[in-house]
Amino acid sequence: MNTGLSGRRALITAASKGLGFASARALAAEGCVVALSSSNDARIQDAAKMLRANGSQVFAKVADLRRPDDCASLVDWAVEQLGGLDVLVNNTRGPVLGRVEDLDDTAWLDAFNLVLMSAVRLSRAATPALQRDGGGVIVNLTSIAANQPVDNLVLSNTLRPGVVALGKTLAKELAPLIRVNSILTGRFATDRILEENQYHAKELNLHESEVAARSVQNIPLGRYGRPDELANAVVFLAGDASSFITGATLAVDGGEHLGLF
């Protein structure tokens, strides 16, 4: 399948590891020139070095997506380095785990800026550049928590649906030049799932392996996803094969949440 992505310019946030890095690697493999960000400078530079070793043209910058100025300056920097922008992949690390009674206002405001407002600010800042060269694509990486609340993830349960709603709103507001879609990520073999399993193991007084086994039992495909499998969905939505898809929400979760809508 010809994705049409060769030579296109992509900004991927929270891309030093996990699903963000896998997405950046997949887009680079399709011939994109990529700009990466992370809140950890050492990790994002290492990630860029790994991609450059494969012959890709890669730029890297540290940015704290919770900060409005960092979001704006990140987009400006990416447009300058890349000479424009065709693809924006909005991605963040997961917010802290916990229940309503566990989390104070500081935790809520931090998560609000990290999960929802980063997508708002980055999309808003990127819109002029995405429109300038005849159109572009925004792909939001969010979570199955937007569709089905997950125990002890109240911050994700509350804020991830807002990212999906933002995507659907922008899909109409920015059409026809910019397509906007969201991916609901399920359980993938990343540091985040290890963090969740450790948290649940402590709450349930179980060994982490038992928590992992129980969570896998809820996935019809019988395993955690691989980051590259999520990245394939990003490539599909960013490329020409999805040229008549906008405002969509795609669950990549091994069939764990089979809601009708």
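The structure this text deals with has already been given above.
Nothing here was measured: the structure is a model prediction, and the numbers come from that model.

Considering empty space enclosed by the protein
Tallied over the full model, the rule gives one cavity of 30 Å³ or more. Looking at the largest cavity, its volume works out to about 80 Å³. The wall of the largest cavity is formed by 13 residues, among which Asn90, Asn91, Thr92, Val115 and Leu141 lie closest to the centre. Mapped onto the lining of the largest cavity, the elements with two or more residues apiece are helix H4 (105–132), strand E5 (136–143) and helix H5 (154–173).

Notes on the sheet that holds strand E1 (residues 9–12)
Sheets are built from strands paired through backbone hydrogen bonds, the pairs being either parallel or antiparallel. Across the sheet, seven strands lie side by side as E3-E2-E1-E4-E5-E6-E7; this open sheet has parallel pairing. Edge strands, defined here as strands with exactly one partner in the open sheet, are strand E3 (58–62) and strand E7 (249–252). Within this sheet the neighbouring strands show an average axis-to-axis angle of 15 degrees, counted without direction. Lying on the sheet, H4 is in contact with strand E4 (87–90), E5 and strand E6 (178–185); it crosses E4 at an angle near 175 degrees.

A short note on helix H8 (residues 227–238)
The end-to-end C-alpha distance of H8 is 17 Å, a good match for the 16 Å that twelve residues give at a rise of 1.5 Å each. Elements that come into contact with the buried residues of H8 comprise helix H1 (18–29), E4, E5, E6 and E7.

Let's talk about the environment of Asp105
Within the secondary structure, Asp105 is located in helix H4. Taking the C-alpha atoms as reference points, Asp105 and Val34, separated by 71 residues in sequence, lie 36 Å from one another.

Observations regarding the pattern of salt bridges
Following the criterion strictly, the structure yields 16 salt bridges and no others. When the shortest N-O distance is used, the salt bridge between Asp240 and Arg8 registers 2.9 Å. Taken as a pair, Asp240 in the loop between H8 and E7 and Arg8 in the segment before E1 lie far apart in primary sequence, 232 residues in all. Judged by its relative accessible area of 36%, Asp240 falls in the partly exposed class. Judged by its relative accessible area of 24%, Arg8 falls in the partly exposed class. The salt bridge partner of Arg187 is Glu256, with a shortest N-O separation of 2.9 Å. With Arg187 in the loop between E6 and helix H6 (191–204) and Glu256 in the segment after E7, this pair connects stretches of sequence that are 69 residues apart. For the pair Arg187 and Glu256, a shared accessibility class is recorded, and that class is buried. Through salt bridges that share partners, Arg223, Arg226, Asp228 and Glu229 make up one connected network.

Considering the pairing of E4
Regular strands place their side chains on alternate faces of the sheet. Because side chains alternate across E4, one face comprises the buried residues Val87 and Val89, and the other comprises Leu88 and Asn90, equally buried. Here E4 pairs with E5 via four bridges, running parallel. By the bridge assignment, Val89 is partnered in E5 with Val139. In this view, the connection linking E4 to its parallel neighbour E5 by way of H4 has right-handed handedness.

Notes on helix H2 (residues 41–52)
Spanning twelve residues, H2 covers 16 Å between terminal C-alpha atoms, matching the ideal 16 Å at 1.5 Å per step. Of the positions making up H2, those classed as buried are Ile44, Ala47, Ala48 and Leu51. Along the long axis of H2, the arc covered by the buried residues comes to 100 degrees, so they all point the same way. For H2, the elements touching its buried residues are H1, strand E2 (33–38) and E3.

Re the environment of Ser182
Following the sequence through the fold, Ser182 ends up in strand E6. You can call Ser182 buried: its relative accessible area is 2%. Here the alpha-carbon distance between Ser182 and Ala248, two residues 66 residues apart in the chain, equals 6.3 Å. When residues no more than four places from it in sequence are discounted, the contact partners of Ser182 are Asn140, Thr142, Val163, Val164, Gly167, Ala248, Thr249 and Leu250.

About the cut-offs
Within every chain, residues take consecutive numbers counted from 1 along the sequence as written. The predicted nature of this model means local features are confined to residues of pLDDT at least 70 and side-chain atom pairs, given and counted, to a pLDDT of 80 or more, with totals for whole chains, interfaces and linings taken over all residues. Heavy atoms throughout the structure, all of them, feed into the side-chain values; hydrogens and water do not. Definitions used for this entry: grid spacing 1 Å over protein atoms alone; cavity, a set of points where a 1.4 Å probe fits but cannot get out; pocket, an open set with protein on both sides within 12 Å along at least 5 of 7 lines; lining residue, one with an atom within 4 Å of a point. Grid points are joined across faces, edges and corners, and a volume is the space filled by probe spheres set on the points. Helix and strand labels come from DSSP, where a helix needs a run of H or I of at least four residues and a strand needs a run of E of at least two; each type is numbered from the N terminus. At least two DSSP bridges between two strands are required for those strands to pair. Fitting a line to C-alpha atoms yields each axis, with helices limited to the stretch in contact; the angle taken between N-to-C directions then spans 0 to 180 degrees. Every residue pair with non-hydrogen atoms within 4.5 Å of one another is taken to be in contact. Every helix has an expected span of 1.5 Å times one less than the residues it contains. We define a salt bridge as a contact between a side-chain nitrogen of Lys or Arg and a carboxyl oxygen of Asp or Glu at a distance within 4 Å. Between buried and exposed lies partly exposed: a residue is buried under 20% and exposed over 50% of the maximum accessible area for its type, with that area taken using a 1.4 Å probe on protein chains only. Look down the strands so they point away from you; if the path from the first strand over the helix to the second goes clockwise, the crossover is right-handed. Here the arc refers to the set of directions running from the helix axis out to each C-beta atom.

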